[in-house]
Amino acid sequence: MTRRRKILKTGNVLVKSTAQLEGIRESGRINTAVLDYVQDHICAGISTEEIDRWVYEQTTRAGAVPAPLNYEGFPKSVCTSRNQAVCHGIPNEKEILKEGDIINVDVSTIYNGYFSDASRMFCIGEVSEDKRRLVQTAKEAIQVGLLEVKPWKPLGDMGHAIHMYVKSRGYSVVEEIGGHGVGLQFHEEPWVSYVAAKGSGEIMVPGLVFTIEPMINMGGPEVYVDDSNGWTVYTEDGMPSAQWEVTVAVTQDGYEILTR
Ligand code: MF3
Ligand code: CO
């Protein structure tokens, strides 16, 4: 048997200064306002393209830039992922929201060079009890993860807690796609898993900024990428998926959500 020794990893992780944290916080405020705008206007009958227009207009009006736009060739300002779409859905005129849909709207903002990233789920009209429970579980998973965010704990404790919670509700967690460090770039180290082993991963230190954004599937955890656009991720079994996302900073005694 291989002997396993616990290694405290810090990795190549950026620790943010007070001034940088304030920059990310400001970016996060705009990001939150954009999500609030979407929340106030989203309804059955609109296209996902309409959501893209709102995000572009509200973000630029605030003097900021939508981070997804032209990011590695992504063509729109926001990701809109509906029902069995897990993430990275591309807004378009043809996709019309209808009663019973669940949709993730993932907004990311660059302001003054600082990046923030958050997403919410929206239930369109009357949604089945099954889907509502899935959406609620994905939201609660964030809170479960946040309870583990404390300095000098390994990041894997957070991912592990989320995984256990989601399993206890009868759902699965996507393994291949996770969260990420964020702040000075869109995607920084560390990579953040939500199926991590307890005690694994980087040590959380004050000033570490990352996203909590587990993707929760009603069925199995398997996913695939849409060949036709190279972006959109779907559940393999066609069952619905849900995700909420926050950007958090590790503080001296816990965490601060920077996307409020
Ligand atoms: N906002 C997504 C995330 O949480 C990233 C989307 S990349 C994009 O990491 F290009 F699709 F926007
Ligand atoms: Co993210």
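First, a word on scope: everything that follows refers to the structure included in this document. (Residues numbered from 1 in each chain as written. Chains lettered and ligands numbered in written order. Predicted model: local features only at pLDDT ≥ 70, side-chain atom pairs only at ≥ 80, totals over all residues. Heavy atoms only, no water.)

**Here's the deal with the coordination of the cobalt ion (ligand 2)**
Around the cobalt ion (ligand 2), the protein contributes the donor atoms Asp117 (OD), His180 (NE2), Glu213 (OE) and Glu245 (OE), at 2.1 to 2.3 Å from the metal centre. Each of the six donor atoms around the cobalt ion (ligand 2) contributes to a set of angles spanning 51 to 159 degrees, which defines the coordination as irregular. One chain supplies every donor for the cobalt ion (ligand 2), spaced along it as D-x62-H-x32-E-x31-E. With Asp117 in strand 5 (residues 114-123) and His180 in strand 7 (residues 179-181), the pair connects residues that are 63 residues apart, well separated along the chain. (Donors = N, O, S within 2.8 Å, 3.2 Å for Na, K, Ca; no water. Tetrahedral: all angles 85-135°; square planar, octahedral: opposite > 155°, others 65-115°. Helix = DSSP H or I, 4+ residues; strand = E, 2+ residues; numbered from the N terminus.)

**Describing the nonpolar core**
If you look at the biggest cluster of nonpolar residues, it comprises 33 residues, and the most contacted ones within it are Met158, Phe210 and Ile212. The set of elements that each furnish at least two residues to this core consists of helix 3 (129-146), helix 4 (155-168), strand 9 (209-212) and strand 14 (246-250). At six residues, the largest contribution of residues to this core is made by helix 3. Contacts of Phe210, omitting those with residues within four sequence positions, involve Val149, Leu155, Met158, His180, Gly181, Val182, Val192, Met204, Val246, Thr247, Val248 and Val250. Val38, Trp54, Val78 and Ile124 belong to the second largest nonpolar core, which has 18 residues in total. (Core = buried A, V, L, I, M, F, W, Y, C linked by side-chain atoms within 4.5 Å. Buried < 20%, exposed > 50% of the residue type's maximum accessible area, 1.4 Å probe, protein only. Contact = heavy atoms within 4.5 Å.)

**Looking at the pattern of salt bridges**
Applying the stated criterion to the full structure yields 13 salt bridges. Its salt-bridge partner being Asp101, residue Arg82 comes within 2.9 Å of it at the nearest N-O pair. Taken as a pair, Arg82 in strand 2 (residues 79-82) and Asp101 in the loop between strand 3 (85-87) and strand 4 (102-111) lie far apart in primary sequence, 19 residues in all. The partner of Asp101 in a salt bridge is Lys98, with the nearest N and O atoms 3.3 Å apart. (Salt bridge = Lys/Arg side-chain N within 4 Å of Asp/Glu carboxyl O.)

**Some words on the site of ligand 1**
Around ligand 1, a shell composed of 14 residues is seen, among which Asp106, Asp117, His180, His187 and Glu213 lie nearest. At 3.1 Å from an oxygen atom of ligand 1 is found a side-chain nitrogen or oxygen belonging to Asp117. Contact between ligand 1 and Glu245: an oxygen atom at 3.2 Å from a side-chain N or O atom of the residue. When isolated, ligand 1 has an accessible area of 340 Å², and the protein chains bury 97% of it. (Near = heavy atom within 4 Å. Polar contact = N/O pair within 3.5 Å; in protein donor to acceptor, adjacent residues only side chain to side chain. Areas by Shrake-Rupley, 256 points an atom, 1.4 Å probe, with all protein chains shown as cover.)

**As for the packing of helix 3 against helix 4**
Relative to each other, helix 3 and helix 4 sit at 145 degrees, their axes nearing to 8 Å. Pair helix 3 / helix 4 crosses with right-handed handedness. Contact residues: helix 3 offers Thr137, Glu140, Ala141, Val144 and Gly145, while helix 4 offers Met158, Ala161, Ile162, Tyr165 and Val166. Split into classes, the residues belonging to the contact of helix 3 with helix 4 amount to seven nonpolar, two polar and one charged. (Axes fitted to C-alpha atoms, helices over the stretch in contact; angles between N-to-C directions. Left-handed = near helix turned anticlockwise from the far one by under 90°. Nonpolar A, V, L, I, M, F, W, Y, C, P; charged D, E, K, R; others polar.)

**Overview of the packing of aromatic side chains**
Applying the stated rule across the entire model yields five aromatic pairs. Judged by centre distance (4.8 Å) and plane angle (65 degrees), the rings of Tyr71 and Phe186 are edge-to-face. Of this pair, Tyr71 sits in the loop between strand 1 (65-66) and strand 2 while Phe186 sits in the loop between strand 7 and strand 8 (188-192), and the two are 115 residues apart along the sequence. Among the aromatic side chains, those forming a connected cluster through ring pairs are Tyr71, Phe115 and Phe186. (Phe/Tyr/Trp six-rings, centres within 6.5 Å; stacked < 30°, edge-to-face > 60°.)

**Focus on the packing of helix 1 (residues 18-41) against helix 2 (residues 48-61)**
It is the contact of helix 1 with helix 2, at a shortest axis distance of 9 Å, that shows an interaxial angle of 140 degrees. As summarised for this structure, helix 1 and helix 2 are arranged oblique, according to the angle between their axes. Judged by the twist between their axes, the crossing of helix 1 over helix 2 is right-handed. Contacts between helix 1 and helix 2 involve Val34, Tyr37, Val38 and His41 from the first element and Ile51, Trp54, Val55, Gln58 and Thr59 from the second. Within the contact of helix 1 with helix 2, the residues separate by chemical class into six nonpolar, three polar and no charged. (Parallel < 35°, antiparallel > 145°, perpendicular 65-115°, else oblique.)

**Regarding the sheet that holds strand 13 (residues 241-243)**
The strand order across the open sheet built from three strands is 6-10-13, with neighbouring strands paired in antiparallel fashion. Bordering the open sheet on either side are strand 6 (172-173) and strand 13, each of which pairs with just one other strand. When strand 10 (residues 215-217) meets strand 13, the two strands line up antiparallel, connected through three bridges. Considered in strand 13, the bridge of Ile216 is made with Ala242. Helix 3 rests against strand 10 and strand 13 of the sheet, and its axis sits at about 35 degrees to strand 13. (Pairing = 2+ DSSP bridges.)

**A look at unusual backbone geometry**
As a rule of thumb, non-glycine residues mostly have phi less than zero, and peptide bonds are mostly trans rather than cis. A cis amide bond links Glu189 with the next residue in sequence, Pro190, at an omega value of 0 degrees. With respect to the element layout, Pro190 can be found in strand 8. Unusually for a residue other than glycine, Asn70 sits at a positive phi of about 70 degrees. If you trace the backbone, Asn70 turns up in the loop between strand 1 and strand 2. For Asn70, a relative accessible area of 59% gives the class exposed.

Read these as layout, nothing more, since geometry by itself doesn't imply function.
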